[in-house]
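Listed below are the residues making up each chain.
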Amino acid sequence: MYISLETRRNPDVLFCTLSYCLCNMYHQPVLKNRRTLLERAEKFISDVYFTDCNLRGRLYGATFPVRSLSVFSTPNRIPFSEAEQQTFQPAKVGDGYGLTWWTCWFKVCLSIPDEWHGKEVHFLWESDGEGMVWRDGQPVQGLTKEGGKTSYVLSRNLKENETHNITLYVELACNGLFGAGKGSMIAPPDPDKKFFVQKAELAVFNSAVNDLLVDFEMLIDIVKMLGENDQRGYQALYVANEMVNVCDVQNPNTFSAARKLAKKFFSEKNGDSQHTVHAMGHCHIDTAWLWPYEETVRKCARSWVTAVRLMEENPSFIFTCSQAQQFAWVKNWYPGLYSRIQHFVRRQQFVPVGGTWVEMDGNLPSGESMVRQFLEGQRFFHQEFGKYCTEFWLPDTFGYSAQLPQIMQNCGITRFLTQKLSWNLVNTFPHNTFFWEGIDGSKVLTHFPPGNSYEMKCKVEDLLNTVRNNKDKGRANHSALLFGFGDGGGGPTQIMLDRLERVMDTDGLPRIQISNPDKLFTALEANTSLLCSWTGELFLELHNGTYTTQAQIKLGNRQCEALLHDIEVASSLALIRDKNFLYPLDRLHHLWRLLLLNQFHDVIPGSCIKLVVEDAIKYYDEIRNTGSALLKEALQALLPQDLEKSCHVVFNSMPWERTEVISVPGGSAEPLLALVKVPSIGIASVEESVEPGCSVTVSTQADDSVILENGILRLIVNRNGCVISLRLIDSNREAILNGCSGNQFVIFDDIPLYWDAWDVMDYHLQTRKPVTEIIEPVRIVSSGGLRGSVTFSLRIGEASMLFQEIILDAQCPYVKFRTKVDWKEAHKFLKVEFPVQVHSANATYEIQFGHLQRPTHWNTSWDWARFEVWGHKWADVSEHGFGVALLNDCKYGYSVHRNTLTLSFHYR
C-alpha cells in the first residue's frame, strides 16, 4: 500500500482508501488448509485451550461466593421434611464428605448482588455424586457432573423486586451416575470413597455466548462428520471460519453478525426425500444395577424434575418414559413432582410408554410373569393417565423371547422398540425396521433406532449415524433418536435441545422433528409394503452368563413364580367351595409386584451389585413367607369338613393327573414315603395311596457301581456318580452314548473380555476339565421299594464341593438329581453333561407358553454364536420314536452341541 501526494492533501480520501484496502484484506479468499481452519474453530470454543481469550471463557461472567454452606450427613435416605430439621455443620468447597451410599444434605444460603439486575443468574454446583436442588420444600433441579448438569437457574432476568436472599438445599447422594465402582464402573463399590464438592457459587450466565457456542459446535461437527470429500462440510467450515473472523469475544455487539452467518447456513433446507429423524427425549433409568432400589427412587426424581423444568421452558419438548414401578415410586415419595408430571402428561409432553411394570428381562421370566408385567403396567398407566400404551418399550435387555409378539398382541400392543441387538458380538442384525413374528404367527412392527443408542446427545454424529446405519434404506424413511443421559438416569439437557433447534431442517443432515412414539410408528405404518419379517427369537450374542450367574436369584424367581401360581389356583377353588373364603387380592397384588420388580433386566440376570442381590433375596423371602401362609389358608378352605385332623392331603396344582412318590411329614428320622394319585387341579388323601405296579430295586456291582431299576428305566451309576447307562426297558433302548458318561460335571475357565459375571465367551469351551476328585464315592441311601437312591460328593477346584443324591421312584419315567453345590470359585463355570444316543439337527427348549428349536450344529456364525443359550424348565433332543429331555427346577442356561445336552450350574 502507498499514499499518493493527493491523498496527503485530503484526509477524507485517505480514510476511504484505507478502508477499501482493509476490506479487501479481510475478504481475501480462504486458503484450502482444512486442518488449520478446523482447529482454529475448535480452539475458539475449547474448554481447555485459550480460555482466557476464546468464546468458551466468556460463558459465565461475574461470580459471587455463597453466603454460607453447611452440611448434614446420614447413612439413610430421608425425606426433605426430616432433613431440614437436622443440625447442619459448617462446610466448605474442596472438602470430602460422606462414604459410599451415604447422603449429605447441604444448606446453601445465597445473596445475589444488586448490580446483577437484568442478568441471567445461575447457582453453580460441582461435586462428586448425584445431587438434587430443593427450593421451598420442593425438588427443582437434578445436578450431576457426569450428566452435564452443574447449574440451577435462579433467574432468567433478575428484577429489582425479586428475592435476592435465597436458601437452597442440595441433597447429595454419595454415588455417581453409575454407582461407585472401585477403579472401574462395573467393579464392586468402594465402601470408603469420599465425595468432594468442587464448586458452589453464583454466576452471571451469558446466553448470547451460549447460543454462539452451540452454533460453532454444530458447524464444527458437520465439518468433521461429513468428511473431506463433502461439499456441504466445506461450506460449514468456511462459515465457522468467517464467524471467528467477525466475532470479537471482548465486544458482545459483534455476536449478532456471527449468529446471522450461522442462521443462514442452518436455514438452507433439505430435499423432500430426506430421511426424517424422530427425536424424543429419553432417560433410561435402570431400576437397579450398580445402585440399590432405594437409590433408583431418587434417580427418577432427579431426572424427571429436570425433564419437567425443560418442558416449562421449551413447550415443544417431548419426553418418553417407561416403567410403571418408577412412576409409582415417584408418586409415593414425591407427590408434588408427580402432580406436575400428570399435568405434562395431559399436555402430551411427558409420554408414558412401554406398558410394563418394569423393563424386564426378555428371556427368563415365565409366560405368566410376562403377562403380569403387561397387566400391571397397562393397568397402572390407564388408572393414572387414562391411556393404555400401544408400544412395548424395552431398549436394554439381553435378548427377546420368541413368545413376546403373541403376548404383546394380546395385551393391546402392536409396536415394539428396542436397541440392544446392536451389541451383538458375532453377527450384525440385518434390520432396523421390520415385522417380528412370534411362535404362533403373531406379528408386531419393530424398530431398532439405527444410531445404536438409547442415550444420544443430539450431536451431528448421532444424526448422521441414524441415517447411515439404517439397514432398511428404501424400505423405511423414518427413525427414532432417543436423546438424554441414560442407564444411570440424567435425561436430556437444554444444550441437547439447542443442538436440535439449530438443525431441524438443514441441508446435508436428516430432517428432524421433535416427536413421540406414536408419531414415529404411525409414520412407519403408513408404508410397510417393503418391510421384511424376522421369525423367532431375537437372540443377543452377548451376556450369555446372565442365564446362570447369581443362582439364588434364579432359584428365588422360579420358586416364587410357582408359589404364586399355586396360591391363585388354590384360592380360586377355595372361593368356589367356601363362600366365606376371602380371596387375598391385595396381598397377591403386592407379592406379584415384588416378583415383577425382581425381574428387571439387571436383577434376575444377576448383572447387578451385591446390594441389589440382597434386596432381591429379601423380596423373595417375603413372597415365600407371606405366600406360604396364603397357600395354607386356601388349602384349609379346600379340605372336606369331615376330614380327620391326622389325615394328610396332597394338592395337585397342575392341569393333569399325577401319580408320584411323596415324602409324608412325620417325626421319624427316615422319611415316610407314599405313592399317591392326585387328579388335575385337585386333592387326594395320602391314606388313599396306591400300590406300585413294579417296585424299585437297587443292587451293588463288583466295580462299586450301583444299578437302580423300576420297570420303566434301568440306571447304572459308577462310583464317581456318573451315569454310565440309562436304558428304557420296554424298547431296550440305551440313552447314554457308548463309551461316555452322563451326569458328568465339568468345569471351565471363565475370563470374559470385559463384562465379568455377564459374559461367557466361546473360547471358554477350550478349557473343559471333568470334575473327578471324589470326596465320598457312591453309596446307597434308599434300597428300593417306592424309592431307590444313592449319594456321592465331589471336590471342585480348591475350595468348592458338590453333593448329589440320584433318585429313581416307582412308576416314574425320569431320574431325579438333587444337587447342592458349595461354590467358592472365582472365574470358573460349572456345568453338567449328558451325551446321548440321539441324532437330531435341532434341540427343543421350553420358553414362555411354548417351545423353541435351535440347531445342534455350528454350520454358520449364527449357529455357533448360540454356544450358550437360555431355556426354562426343559431341553429335549429327539429323533423319531425316542428322545431324552433334561429338566430342572431353577436353572436357565443350556447348551446342546451335536448329541450332548449340557446344563449350566454355577457361573462367576
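Residues numbered from 1 in each chain as written. Predicted model: local features only at pLDDT ≥ 70, side-chain atom pairs only at ≥ 80, totals over all residues. Heavy atoms only, no water.

Novice: What should I look at first to understand the state of the cysteines in this one?
Specialist: One way to say it: the disulfide is the covalent bond shared by the sulfur atoms of two cysteines. Inspection of the entire model under this criterion finds 0 disulfides. Cysteine 608 forms no disulfide, and the closest cysteine sulfur to it belongs to cysteine 560, at a distance of 16 Å. Taking the relative accessible area as the measure of exposure, cysteine 608 reaches 12% and is therefore buried. (Disulfide = S-S within 2.5 Å. Buried < 20%, exposed > 50% of the residue type's maximum accessible area, 1.4 Å probe, protein only.)

Novice: Whenever I open this one, helix α15 (residues 517-525) confuses me. Can you help?
Specialist: An α-helical turn contains 3.6 residues, so any two residues separated by three or four positions project in the same direction. Within α15, the full set of buried residues consists of Pro517, Leu520, Phe521, Ala523 and Leu524. The buried side chains of α15 occupy one side of the element, clustering within an arc of 155° when seen end-on. At the N-terminal boundary of α15, the capping side chain belongs to asparagine 516, with an oxygen 3.0 Å from the backbone nitrogen of aspartate 518. (Helix = DSSP H or I, 4+ residues; strand = E, 2+ residues; numbered from the N terminus. Arc of directions from axis to C-beta. Polar contact = N/O pair within 3.5 Å; in protein donor to acceptor, adjacent residues only side chain to side chain.)

Novice: Honestly, the sheet that holds strand β5 (residues 103-111) in this entry has me stumped. Any pointers?
Specialist: Backbone-to-backbone hydrogen bonds join strands into a sheet, with any given pair of strands oriented parallel or antiparallel. Taken together, 6 strands build an open sheet; the order of strands is β3-β2-β5-β10-β7-β8 and the sheet is antiparallel. Where the open sheet ends on each side, the last strands, each with one partner, are β3 (89-90) and β8 (138-144). Alignment of strand β7 (residues 130-135) against strand β10 (residues 165-173), held across 5 bridges, turns out to be antiparallel. Across the sheet, the residue bridging to valine 133 is valine 170, located in β10. (Pairing = 2+ DSSP bridges.)

Novice: Please clarify how helix α13 (residues 460-468) should be interpreted in this entry.
Specialist: Residues Val460, Asp462, Leu463, Leu464 and Thr466 constitute the buried set of α13. Buried residues along α13 sit in contact with α5 (207-226), β12 (276-282), β19 (478-483), α14 (494-502) and β20 (511-514). (Contact = heavy atoms within 4.5 Å.)

Novice: Any chance you could explain the sheet that holds strand β26 (residues 696-700) here in plain terms?
Specialist: Spatially, 9 strands are ordered β30-β29-β28-β27-β26-β33-β34-β35-β36 in an open sheet, and the strand pairing comes out antiparallel. Two strands close off the open sheet at either side, each with one partner strand: β30 (733-734) and β36 (816-822). With 7 bridges connecting them, strand β35 (residues 800-809) and β36 associate as antiparallel partners. Residue pairing for β36: isoleucine 806 is matched across the bridge by phenylalanine 817.

Novice: When you look at the confidence of the model for the protein chain in this model, what are you seeing that I'm missing?
Specialist: Low-confidence regions, as indicated by low pLDDT, have predicted coordinates that should not be scrutinised in detail. Model confidence for the protein chain is summarised by a mean pLDDT of 94, while 96% of its residues fall at 70 or above. A low-confidence stretch, residues 1-9 (pLDDT under 50), is modelled with 6 contacts involving residues beyond four sequence positions or located in other chains. Every residue in residues 13-26 is under pLDDT 50, and counting partners more than four places away or in other chains gives 8 contacts. (pLDDT = per-residue confidence, 0-100.)

Novice: Sorry, what's going on with the nonpolar core here?
Specialist: General note: in soluble globular proteins, nonpolar side chains tend to be found buried as a group. Formed by 222 residues in total, the largest nonpolar core has its most connected members in Leu55, Trp304, Phe327, Phe350 and Phe483. With sequence-adjacent residues up to four places away left out, tryptophan 304 is seen in contact with Ile285, Phe319, Cys321, Gln326, Phe327, Val330, Leu337, Ile341 and Phe350. (Core = buried A, V, L, I, M, F, W, Y, C linked by side-chain atoms within 4.5 Å.)

Novice: So what exactly am I meant to see when it comes to the packing of aromatic side chains here?
Specialist: Aromatic rings considered in pairs are described by the distance between their centres and by the relative angle of their planes. All told, the structure shown has 48 aromatic pairs when counted by the stated rule. Plain terms: the ring middles of phenylalanine 434 and phenylalanine 448 are 5.3 Å apart, the flat faces sit at 85° to each other, and that makes the pair edge-to-face. Of this pair, phenylalanine 434 sits in strand β17 (residues 433-437) while phenylalanine 448 sits in the loop between β18 (443-447) and α13, and the two are 14 residues apart along the sequence. Both residues of the pair, phenylalanine 434 and phenylalanine 448, count as buried. (Phe/Tyr/Trp six-rings, centres within 6.5 Å; stacked < 30°, edge-to-face > 60°.)

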